[in-house]
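Descriptive analysis of the structure
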Amino acid sequence: MAFWRTNERAITVVSVLAGSLVLWELGARISHVPQFLLPAPSVVIADLFKAPGLYAINSLATLRVTLTGFGLAVLLGVLLAVAIVHSRIMEHSLYTLLVALNSLPKVALAPLFVIWLGTGSPSKTTVAVTIAIFPIVIDTALGLRSIEPDVMNMAKVMRASRWQILRRIRFPHALPAMFAGMKVAISLALVGTIVGEFVAGGDLRHCAGLRLHHTARCARYSSILYNRFSRAAADALAPFAAAARHSR
Amino acid sequence: MAAPASAATPKVELRNVNLRYFGLEGETEALKDVSISIAPGEFVAIIGQSGCGKSTLLSLISGILMPTDGTVLLDGKPVTGPSRKVGYMLQQDYLFEWRTILENAVLGAEIQGADMAKARERAAALLTRYGLGQFLRHLPRQLSGGMRQRVALARTLCTEPDVVLLDEPFAALDSQTRLALSDEIAVILRREKKTAILVTHDIGEAVSMAERVIVLSRRPGRVKSDHAIRFAGAHGTRPTPLAARNSAEFNGYFNALWQELEVHVEG
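Let me begin by describing the structure that accompanies this report. (Residues numbered from 1 in each chain as written. Chains lettered and ligands numbered in written order. Predicted model: local features only at pLDDT ≥ 70, side-chain atom pairs only at ≥ 80, totals over all residues. Heavy atoms only, no water.)

The subject of this paragraph is the pattern of salt bridges. All names here are of chain B. Taken as a whole, this structure holds 25 salt bridges over all chains when the rule is applied. A salt bridge links Glu192 to Arg129, with the nearest nitrogen and oxygen atoms 3.0 Å apart. With Glu192 in the loop between helix 6 (175–191) and strand 8 (195–200) and Arg129 in helix 4 (residues 116–129), this pair connects stretches of sequence that are 63 residues apart. Here Glu192 falls in the partly exposed class, since its relative accessible area comes to 21%. Residue classification places Arg129 among the partly exposed residues on the basis of a relative accessible area of 48%. One continuous salt-bridge network, built from bridges that share partners, spans Lys11, Asp75, Lys85 and Asp162. (Salt bridge = Lys/Arg side-chain N within 4 Å of Asp/Glu carboxyl O. Helix = DSSP H or I, 4+ residues; strand = E, 2+ residues; numbered from the N terminus. Buried < 20%, exposed > 50% of the residue type's maximum accessible area, 1.4 Å probe, protein only.)

Residues and elements named next belong to chain B. Mapped onto the elements, Gln149 comes out in helix 5 (residues 145–158). In this structure the side chain of Gln149 is engaged in a polar contact, spanning 3.3 Å, whose partner is the backbone oxygen of Leu90. In contact with Gln149, other than residues within four places in its own chain, are Met89, Leu90, Gln91, Gln92, Asp93, Pro169 and Leu181. (Polar contact = N/O pair within 3.5 Å; in protein donor to acceptor, adjacent residues only side chain to side chain. Contact = heavy atoms within 4.5 Å.)

This part is about the packing of helix 5 (residues 88–102) of chain A against helix 7 (residues 121–145) of chain A. Residue and element names in this part refer to chain A. With their axes 10 Å apart at the nearest point, helix 5 and helix 7 run at an angle of 140° to one another. Classified by the angle between their axes, helix 5 and helix 7 sit oblique to one another. The hand of the helix 5/helix 7 crossing is left-handed. Contacts between helix 5 and helix 7 involve Glu91, Tyr95, Leu98, Leu101 and Asn102 from the first element and Phe134, Val137, Ile138, Ala141 and Arg145 from the second. Residue composition of the contact of helix 5 with helix 7, by class: seven nonpolar, one polar and two charged. (Axes fitted to C-alpha atoms, helices over the stretch in contact; angles between N-to-C directions. Parallel < 35°, antiparallel > 145°, perpendicular 65-115°, else oblique. Left-handed = near helix turned anticlockwise from the far one by under 90°. Nonpolar A, V, L, I, M, F, W, Y, C, P; charged D, E, K, R; others polar.)

Moving on: the interface of chain B and chain A. In this assembly, 18 residues from chain B lie in contact with 15 residues from chain A. Taken over both partners, the interface formed by chain B and chain A buries close to 1,700 Å², and the fraction arising from carbon and sulfur atoms is 68%. It is Tyr94(B), Trp98(B) and Ile111(B) in chain B that bury the most area against chain A; as a group they hold 36% of the surface buried on that side. The interface formed by chain B and chain A includes one salt bridge. (Buried area = accessible area lost by both parts, 1.4 Å probe.)

Residue and element names in this part refer to chain B. Taken in spatial order, the four strands line up as 2-1-4-5 in an open sheet, and their pairing is antiparallel. This sheet does not close on itself; its edge strands, each paired only once, are strand 2 (26–38) and strand 5 (77–78). Sheet topology note: the strand 4 (residues 69–74)/strand 5 ladder contains two bridges and is antiparallel. Bridging from a neighbouring strand, Leu73 pairs with Pro78 of strand 5. Where helix 1 (residues 54–62) meets the sheet, its contacts fall on strand 1 (12–23), strand 2 and strand 4, and the angle it forms with strand 1 comes to roughly 115°. (Pairing = 2+ DSSP bridges.)

With that settled, the discussion passes to the packing of helix 5 of chain B against helix 6 of chain B. Residues and elements named next belong to chain B. Contact geometry for helix 5 and helix 6: axes closest at 10 Å, N-to-C directions at 20°. As summarised for this structure, helix 5 and helix 6 are arranged roughly parallel, according to the angle between their axes. Judged by the twist between their axes, the crossing of helix 5 over helix 6 is right-handed. In this structure, helix 5 contributes Gly146, Gln149, Arg150, Leu153 and Leu157 to the contact, and helix 6 contributes Thr177, Leu181, Glu184, Ile185, Ile188 and Leu189. For the contact of helix 5 with helix 6, the per-class residue count stands at six nonpolar, three polar and two charged.

A word on unusual backbone geometry. All names here are of chain B. Positioned with a positive phi, Asp33 is a non-glycine residue whose angle comes to about 45°. As for its placement among the helices and strands, Asp33 is situated in strand 2. According to the relative accessible area criterion, Asp33 is partly exposed, its value standing at 46%. Here the phi dihedral of Lys193 falls at roughly 55°; this positive angle occurs in a residue that is not glycine.

Set out below in structure tokens:
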């Protein structure tokens, strides 16, 4: 009983995941859906073990671009948010522009980036950054601004400089909102990377997106499903990593 | 207008202060021709209905707002911005949840670039004196409302201001904590010989804590009256606020002030 209580969350997560895999496996076997439409998880895993190195190299390449894109998005996003909060002109120009740009389907810009930046990782990273940066800017700006007027008055009476207000008051206040933005951004960075790889493909042999594209052409769905899984795993891990840092 | 008895420079002085500000509904006159003079070490309460400009008055003294006309003087010098000599205590404690009690108490000192070792020592001594000695490493959320407000007092006094502005610092507390804490804080401020300006709409709080109560009229706020509060204490010393509430004079003052505020409701 004590074991259950201390590990309740882990047990629930593991059993839900395992349970859905079992259901899927059973469903795929019992029904007569052809394997090329929906392969069972066991088939996917078997396929994975046929060429583990290939999948690992492809996944790592994608992961690298995703993390670079995410990192840049956080850095740029926080800087932009600070500028927006500190200057009315920046707020009226930049913020308005960002919100307007956010309504564009940025995925559609991916081919442009490939034309501008080539088919290497810069274009893919750029797609990842453009998609991931919005939630970071918007949530961080919101967090930095959510200071009660009386707290600002208190800081003014203490004769705090703008930098001190930013560092000691605004920034710590904004952290929860920033992490909320980052949780959304990490999965968007992966989406951006995969889209970049779909479009740029060719040049770089190692990327999950290209493998997706290629295997889709070859109708090898079992490979696609592996790719989807590695992406889902990265998505699932990101918030935990963020939460772990946050609760430190 | 009761001028301070001594010829010394007043600690805080407002001379013919007007304050107007512009909002969506046009111009609002918040304060009109306000002149107040407060002697060093005096404990003054300012009462009035909500929206009469009481808090605005504190913003002017603290230098975060500038008057439209007139002058605000601190130690005889015009106020041009926030001063090291002024400390502010607000209705909410605004302790930062990510800092320990001790680190919260030294916030002001930290911002002013003071010697942090000394500031920590001072804050720890203040907190210990206020009965929070064993909570120095605790986080604000582990403390009750009254304890948190005492931390806020320590934060205010840690920078050693001469003038302490109190903007309804007890309003968010339950009534018992409120009585106990107002008693404690009044005693502390008197012992440390601070000039204190308390803004409140609680007449009992004003009469029991302050030696002078100024009534502001409805907007635009003007000084309506100025009452010296005296209790026949032992050897001319002032009773503590709790004792003051039980003294013979308390009800007289209370009723006089009550009537002044009542007039405003009708007029």
